[in-house]
Amino acid sequence: MNANRRKQVNPVHLSSLIRCMLVALFVGVSALFFLFIKNQQFALAEEIRQMERKIANVRSQNETLLAHVTELSSRRMLQQRIAEGFISMKLIQDNAIARLTPPAQATADGVLRTAFNEGVRQ
Amino acid sequence: MRWTARTRTGFACAAVAMVFTAYSARLVELQVAKHKEYSQMAAEKHTMRQVIHARRGLIFDRNGELLASNLPVRTVVADGSHVKDPAALARVAAPFLGMDEKELCAKLTSGRKYIVIRHELAEETALALGKAIQDANLRGLYFEPDAVRTYPNGQMLGHVLGFLNNEGAGIQGVEMSMEKSLRGQDGYRYIEHDRTGREIMLYRGQEEPAVHGLNVRLTIDMGLQAILEDELDSAFKDLRPEMAVGIIMDPNTGEILAMTNRPCFDPNHPGDAKSEQMKNRAIIDMVEPGSTFKIVVASGALNEGKVNEKTSIYCENGAFAYGGRILRDHHGYGSMGVHDILVKSSNIGSAKMALMMGDTKFYEYVKRFGFGDRTGIELPGEIPGLVHPPHRWDKLTITRMPMGQSVAVTPLQMTMGMSVIANGGRLLAPQIIRSVEDSDGSVVVSKPPKVVREVVPQKTARFVSEALTGVVGEGGTAQLAKIAGFTVAGKTGTAQKVSPSGGYAQGKYVVSFVGYLPQEDPRFVCLVMLDDAKVASNLNYGGLVAAPIFSRIGERAARYLDLVPSLRAEPTGPLALREQKQERTN
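Residues numbered from 1 in each chain as written. Chains lettered and ligands numbered in written order. Predicted model: local features only at pLDDT ≥ 70, side-chain atom pairs only at ≥ 80, totals over all residues. Heavy atoms only, no water.

Some words on the overall build of chain A
For chain A, the count of helices and strands is four helices and zero strands. When the helices and strands of chain A are placed in sequence order, the string is α-α-α-α. Carbon and sulfur atoms provide 64% of the accessible area of chain A, an area that totals close to 10,200 Å². (Helix = DSSP H or I, 4+ residues; strand = E, 2+ residues; numbered from the N terminus. Areas by Shrake-Rupley, 256 points an atom, 1.4 Å probe, with all protein chains shown as cover.)

A closer look at the confidence of the model for chain A
Per-residue confidence for chain A averages 78 on the pLDDT scale, and 75% of its residues sit at or above 70. Within chain A, the lowest mean pLDDT, 35, falls on helix α4 (residues 118-121) of chain A, and the highest, 92, falls on helix α2 (residues 14-72) of chain A. (pLDDT = per-residue confidence, 0-100.)

Details of the domain arrangement of chain B
Residue and element names in this part refer to chain B. If you check the domain split of chain B, you get domain 1 (50-216) and domain 2 (222-310 + 353-574). Relative to domain 2, the C-alpha centre of domain 1 lies at a distance of 44 Å. Between domain 1 and domain 2, the contact holds 28 residues from the first and 32 residues from the second. The junction of domain 1 with domain 2 conceals about 2,500 Å² of combined surface from both sides, 65% of it contributed by carbon and sulfur atoms. Three residues, Arg62, Gln155 and His159, lead the burial of domain 1 against domain 2; their summed loss comes to 28% of the area buried on that side. Linking domain 1 with domain 2 are one salt bridge, by the criterion used here. (Domains from an automatic or database assignment. Contact = heavy atoms within 4.5 Å. Buried area = accessible area lost by both parts, 1.4 Å probe. Salt bridge = Lys/Arg side-chain N within 4 Å of Asp/Glu carboxyl O.)

Re the sheet that holds strand β9 (residues 243-249) of chain B
Residues and elements named next belong to chain B. Ordered by their spatial adjacency, five strands build an open sheet running β10-β9-β21-β20-β19, and the pairing between neighbours is antiparallel. Edge strands, defined here as strands with exactly one partner in the open sheet, are β10 (256-262) and β19 (489-498). Mean inter-strand twist for the sheet, computed between neighbouring axes without regard to direction, equals 10 degrees. Examined bridge by bridge, β19 and strand β20 (residues 504-517) share nine bridges and lie antiparallel to one another. Looking across to β20, one finds that glycine 493 is bridged to serine 512. (Pairing = 2+ DSSP bridges. Axes fitted to C-alpha atoms, helices over the stretch in contact; angles between N-to-C directions.)

Regarding the sheet that holds strand β7 (residues 207-208) of chain B
Residues and elements named next belong to chain B. Read across the open sheet, the three strands follow the order β1-β6-β7; overall the sheet is antiparallel. Here the strands that pair on one side only, and so sit at the sheet edges, are β1 (47-52) and β7. Across the face of the sheet, helix α2 (residues 35-46) comes into contact with β1 and β6 (187-192) while running at roughly 45 degrees to β1.

As for the pairing of strand β13 (residues 325-328) of chain B
Residue and element names in this part refer to chain B. In terms of strand pairing, strand β12 (residues 319-322) meets β13 through four bridges, oriented antiparallel. By the bridge assignment for β13, tyrosine 322 is matched with arginine 325. Linking β12 back to β13 in an antiparallel pair, the connection comprises two residues, with glycine 323 at a positive phi of about 65 degrees.

Some words on the nonpolar core
Residues and elements named next belong to chain B. Counting residues in each nonpolar core, the largest one holds 121 residues, and the members touching the most others are Leu218, Met259, Phe362 and Leu530. Three or more residues apiece are contributed to this core by two domains, here domain 1 (50-216) and domain 2 (222-310 + 353-574). Apart from the residues within four sequence positions on either side, phenylalanine 362 is in contact with Phe293, Val296, Val297, Ala354, Met357, Trp393, Ile398, Met401 and Pro402. (Core = buried A, V, L, I, M, F, W, Y, C linked by side-chain atoms within 4.5 Å. Buried < 20%, exposed > 50% of the residue type's maximum accessible area, 1.4 Å probe, protein only.)

Considerations on the packing of helix α3 (residues 86-97) of chain B against helix α5 (residues 123-135) of chain B
Helix-helix packing: each pair is described by the crossing angle between the helix axes and the interaxial distance. All names here are of chain B. With their axes 10 Å apart at the nearest point, α3 and α5 run at an angle of 165 degrees to one another. Taken as axis vectors, α3 and α5 run roughly antiparallel relative to one another. Both α3 and α5 take part in a crossing whose hand is right-handed. Where α3 approaches α5, its residues Leu89, Val92, Ala93, Phe96 and Leu97 are matched on the opposing element by Thr125, Ala128, Leu129, Ala132 and Ile133. Classifying every residue of the contact of α3 with α5 by side-chain character gives nine nonpolar, one polar and no charged. (Parallel < 35°, antiparallel > 145°, perpendicular 65-115°, else oblique. Left-handed = near helix turned anticlockwise from the far one by under 90°. Nonpolar A, V, L, I, M, F, W, Y, C, P; charged D, E, K, R; others polar.)

Some words on helix α12 (residues 294-303) of chain B
Residues and elements named next belong to chain B. With nine of its 10 residues buried, α12 lies for the most part within the structure. Three or more residues of α12 are buried, namely Lys294, Ile295, Val296, Val297, Ala298, Ser299, Gly300, Ala301 and Leu302. Summarising the contacts, the buried residues of α12 are in contact with α13 (338-344), α14 (347-357), α15 (359-368), α17 (411-422), α18 (458-472) and β19. Phi for glycine 305, located one or two positions after α12, is positive at around 75 degrees.

Structure (structure tokens):
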């Protein structure tokens, strides 16, 4: 190789090359990391959305069931069930009543009890 | 100019520069000049304001029994721009929606972005439909949350609770009067959605949570309400009056414990009811009260010192000529004290007491008892009744008003008037709302009892109360109002029905009984009123028609409230037989 040709050759500086590659790698990795984080965010947001939806559904179902329970345990329904004979009323025996107010005496002396037995009067 | 290589290069560069300049200019126009317009267009396309519905407050009775609740339902809507295969979607959805497939398909092909397909779809059905659509890999149908107001007790307490209109606003009863507390406030959030219509959660914007409605607790006791409804229902079926009203209230607090009317309606289906069924006649109907009004003149005359416990008034043996007309009593009476005038319900005795007082003083007492003014109960549509001032009275008014004619009152006013006697002379404001609470049960607004005024002193009230006990006793007009074991005080009322064409309707009566027990320490006042009961006219009296109903209600209510009897009961049935046997053996 003559002297002129040797002068035209641009030598590769290894240190510069490595620096550039590192910068490129850093930029590339940062971009990929950014993408990964962004994807994670979307995935988490979607999970939250699904969870919110599930909670809303469960809450609605709960309210629906509560409304049904209220309906079934309402006075109107209980009276209807009693009329149908599905359930029946049973008189509470006197010895099963615990009173906080002073007890009235038995019916023998003509004084009515406060929760007296309707059947006795018939 | 020579077309050299340099010139050609110059032209090419200029052309490229011009193209880029044009692009740049357009870019500047889009990004800077029209930024606002385009960003708004983009926002409209992808961003929407999602309403977060507030839940309407619940209504409870005084013991926490649920009277009005919300049933979640869904409104099914379609976005025509998302529907790719309307026929397939209609095939899947029609059975769930209970619609004709072709009709649904026609709706879906309209292409509009917001098509309401069906209201009030049950929650379970909506979930099942959503799953079916997902399984079929279709889209375009969406479910918006909504709620239906339900009243678990049906027609019981219907007039007090009221109902909602199509927009979810209360239009009668407590639903209307407490609308502001019950309604709550809808919230909102700004969301962005992708081209398939799904929310992009990451870009969720400004959010304002919904403020749910407050719960309302009534003064109503459903145990007593059931008793009142049951007895009034039986009376309505047996006696077939045009209307019947029943009220139970606590005379010491003014709290309404039960209130009902017949005919009635089911607030779950207000559309099925006639307007006549929807009237809460306890507050929007006025009637001539009849003899129950005599408590006003007796209290007034006693309080003004015009009469005292020993004053004897001559009752003209049953016929009193005044103002060119004869005023008659049911039976002829001679001289009687105030006590007996009330017990025998003498029209002449009452008229004479009013004459002693004078029209201005008597009118003052009528107003002090609360007649002619709205009571202020928290229910919509209350009327004040009709009490003319003395300058509009004719010569007969002073003798007619004391016996409950020439005056019109609401059943609630009559109950409040009797409460004045029951509680020792105080007029209280009636209350139907006990408290307003948040969802945790913390009281936000509580309503303590409110004394409007002292009408008469306790001594006067006690004297009238003793006389009213006589009304239910031997020789009184309401012996059928007796309740075994308790001292009952009360007053009957039998008023001729006012004809819409003027004057009185022949053979038609409004009969009532308003009383309380125990007389010594009243726990409740109860009014029973029936308009034109279908009984023989010689039996159509408050003491014969309304008093027995009161007795049955009072007996069951006393048992329900666990009141301790203060009297030796007069036994009936087996007990009476046993006593009779004992007497015979003795």
